[in-house]
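Each chain is listed here by its residues.
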Amino acid sequence: MYKTRVNGWIFLFVCLALVPLARGQFSADFQTNTITSATNYTGNYLIGFGQSSNTLLIESGGDLSVSGFGWLGRFEDDGDNTAVVRSGAWSMEGELRVGYAGSGNALRVEQGGSVFNDTGYIGSSATSSNNLALISGAGSVWSNGALYVSGGTGNELIVTNGATVLSGGSTIVGLSESARGARVAVTGAGSAWNLANNVVLRMGWSAAECELVVGDGGSVFSVQGEVGHSLSSSNNRVRVSGAGSVWTNSSSVTIGSASPGNELEVSAGGEIRAGQFFTVGGQAASSGNSARVEGAGSLISGDFLLSVGNRGAGNSLTVSGGGAVESSTLYLGRYTTASSNNTLEISGPGSVLSNSGFLHVGGEAPGNALRIDAGGAVASGAGYMGQSASSSGNSAVVTGAGSVWTNAGTLYVGNAGAENALSITNGGAVYGAISTIGAESTSHSNTMTVTGADSSLNCTDLSVGGSGSGNRLEVSDGAIVSGRVGYIGRTASGSDNVAVVSGAGSLWTNSSFLYVGYEGSDN
């Protein structure tokens, strides 16, 4: 009756003694149990308990109510078992495991069918690979307490064609390291994966190379999204693509919480929403993570603090092809000198970063880079390059016709940090109310270069050396700097600062005064 396995008879004897007839009426391979009416089952309903290729079929209004739990594929060799809930219902008081130790098992909920259970698992042990839960069609529902896509490799949840999956508790894709490549896809108009209001969606708890796909009008709702929870959970990926495709997080999103190489892609009109925080590269180990927003209508939106390199290095955010990002405050390299060499690029006509508050290129970290090119646009409340004394060597480049960085308030190239550089070239433009190169006494050797015909800096007041020394402004090759008042060495400590204007058509024009050494010396 049962397959031979090491110690198998002893184990089966114990289970049968504890739970009589706990096999859901399956006694051999290739059996089908069809339920078309209300049926109550006392105990645990097991599909593939020493067998393979068994099928539970609930259809035509059938309703199976189980007092215990449900398992598909209990042992390692128990593969290819299936539960199909089609225009019917299956409810159980305990958990549902699609692939306990076996592989290739499947749950299919379709044509308005419904499944209700406590905790749901797609794959449990390291041997349980390539198991599938497919929830398809309008009105089809799988309702879980907690939900885990775990076990071995290649386990998958698909929600499509208007179906819904509900998670009321802990929700993790890639729970164990063995669950490499775990995947969830939510596709099609009306298809939804909804987590309860206090539930975090974690992609890659311990496993690497896990994937979430939201496409063609599908939606996911969670309080918080985390991609790459631990050091081992690297190279996970989230893709949100197509008009109407949305991943909504009422609190925050983190791409690379504590692991490297995780990716987010928002494209073809997809959208991600976050309430408070959006982070690429959370902890020190979270390096090389990336977020890309590509194509007209593609959007990351919300009134959140955006960090590219919160504590990690070498992370990136790219907005291109008409994509857009909205935020309230932005840090490119936020905490500690370790959060260095992060990049932010806004490229192409219609590509926009709109930041209502402060934009920091280098909060406490060195070597971070902002690039605006090929007609991209950035708007911020104020701009700080090199905010603290430790944030040196940060750069911003605004290049190409139509490329623009607009600051409603102040723009600092070197607030307290040294050797920061802003370059405006090839028709790029920068706007700021009050602009300062080297604001504080520690901010030395910062530079602003404006070069090329139609390249411009437009501000009310411009200080080359506020309280800092050795700072420099260069205007060349037909570029224009215009403002109301100019200062070279504004305060007593603002010494050895230089402004150079060279080349035909190059101009620094002030409608009021230009002070060379307002209080500083040797300027």
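Residues numbered from 1 in each chain as written. Predicted model: local features only at pLDDT ≥ 70, side-chain atom pairs only at ≥ 80, totals over all residues. Heavy atoms only, no water.

Caption draft 1: Broad picture of the overall build of the protein. A count of helices and strands for the protein gives one helix and 51 strands. Across its three principal directions, the C-alpha atoms of the protein cover 95 × 40 × 30 Å. When each of the 523 residues of the protein is scored for burial, the buried share is 58%. Sequence separation of 24 or more characterises 83% of the internal contacts of the protein that already satisfy a separation of 6 or more. Accessible surface, the protein: about 17,800 Å² in total, of which carbon and sulfur atoms supply 52%. Side chains of the protein carry 20 positive and 35 negative charges; the gap between the two charge centres is 6 Å. (Helix = DSSP H or I, 4+ residues; strand = E, 2+ residues; numbered from the N terminus. Buried < 20%, exposed > 50% of the residue type's maximum accessible area, 1.4 Å probe, protein only. Contact = heavy atoms within 4.5 Å. Areas by Shrake-Rupley, 256 points an atom, 1.4 Å probe, with all protein chains shown as cover. Lys, Arg positive; Asp, Glu negative; His and termini not counted. Charge placed at Lys NZ, Arg CZ, Asp CG, Glu CD.)

Caption draft 2: Seen up close, the pattern of salt bridges. The final tally for this structure, using the stated rule, is 17 salt bridges. Of the charged contacts in the structure, one is a salt bridge between Arg108 and Glu110, with a shortest N-O distance of 3.5 Å. Connected through salt bridges with shared partners, the residues Arg237, Glu263, Glu265, Arg292 and Glu294 form a single ionic network. (Salt bridge = Lys/Arg side-chain N within 4 Å of Asp/Glu carboxyl O.)

Caption draft 3: Quick look at unusual backbone geometry. The backbone of Asn161 sits at a positive phi, close to 55 degrees, despite the residue not being glycine. By the secondary structure assignment, Asn161 is in the loop between β16 (156-160) and β17 (164-167). Of note, the phi angle at Ala374 is positive, near 55 degrees, even though the residue is not glycine. Locating Ala374 in the fold gives a position in the loop between β37 (369-373) and β38 (377-385). Looking at Ala374, the relative accessible area reads 45%, which means it is partly exposed.

Caption draft 4: Expanded view of the packing of aromatic side chains. Per the counting criterion, the structure on display carries 14 aromatic pairs. Pairing Tyr41 with Tyr45 gives two aromatic rings, centres 5.0 Å apart and planes at 75 degrees, and the pair type is edge-to-face. Of the two residues, Tyr41 and Tyr45, neither departs from the other in class, the shared state being buried. Where Tyr515 meets Tyr518, the ring centres are 4.8 Å apart and the plane angle is 80 degrees; that geometry is what we call edge-to-face. Taken together, the aromatic side chains of Phe26, Tyr41, Tyr45 and Trp90 make up a single cluster linked through ring pairs. When the ring centre of Tyr100 is taken as reference, the NZ or CZ atom of Arg74 above it lies at 4.1 Å. When the ring centre of Tyr121 is taken as reference, the NZ or CZ atom of Arg97 above it lies at 3.9 Å. (Phe/Tyr/Trp six-rings, centres within 6.5 Å; stacked < 30°, edge-to-face > 60°. Lys NZ or Arg CZ within 6 Å of the ring centre and 35° of its normal.)

Caption draft 5: Main features of the environment of Leu514. Note that Leu514 resides in strand β51 (residues 514-516). Along the sequence, Leu514 and Leu175 sit 339 residues apart, while their C-alpha atoms lie 64 Å from each other.

Caption draft 6: Inspection of the confidence of the model for the protein at higher detail. In the predicted model, the protein carries a mean pLDDT of 93, and the fraction of residues at 70 or more is 95%. Considering only residues more than four positions removed or in separate chains, one finds that residues 1-22, a stretch of pLDDT under 50, has 31 contacts. (pLDDT = per-residue confidence, 0-100.)

Caption draft 7: A look at the pairing of strand β10 (residues 106-110). Burial analysis of β10 places four of its five residues in the buried class, the great majority of the element. Pairing geometry for strand β7 (residues 82-86) and β10, over five bridges, is parallel. In the sheet register, Ala83 faces β10, and the bridge partner there is Leu107. In terms of strand pairing, β10 meets strand β13 (residues 132-136) through five bridges, oriented parallel. Its bridge partner lying in β13, Leu107 is registered against Ala133. (Pairing = 2+ DSSP bridges.)

Caption draft 8: Structural view of the side chain of Asn394. As for its placement among the helices and strands, Asn394 is situated in the loop between β38 and β39 (395-399). Overall, Asn394 belongs to the buried group, its relative accessible area being 1%. Once you skip the residues sitting within four places of it in the chain, Asn394 turns out to touch Val361, Gly362, Ala365, Pro366, Gly367, Asn368, Met385, Gly386, Glu419, Asn420 and Ala421.

Caption draft 9: Geometry of the environment of Ile172. Looking at where Ile172 falls in the secondary structure, it is placed in strand β18 (residues 171-173). In this structure, the C-alpha to C-alpha distance between Ile172 and Ala182, residues 10 residues apart in sequence, is 10.0 Å.

Caption draft 10: Geometry of the pairing of β38. One ladder, built from eight bridges, connects strand β36 (residues 352-361) with β38; its direction is parallel. Directly across from Phe358, in β38, lies its bridge partner Ala382. Across four bridges, the pairing between β38 and strand β40 (residues 404-407) is parallel. Each residue of the ladder has a partner; that of Ala379, found in β40, is Thr406. Sheet topology note: the β38/strand β41 (residues 411-413) ladder contains three bridges and is parallel. Across the sheet, the residue bridging to Met385 is Val413, located in β41.

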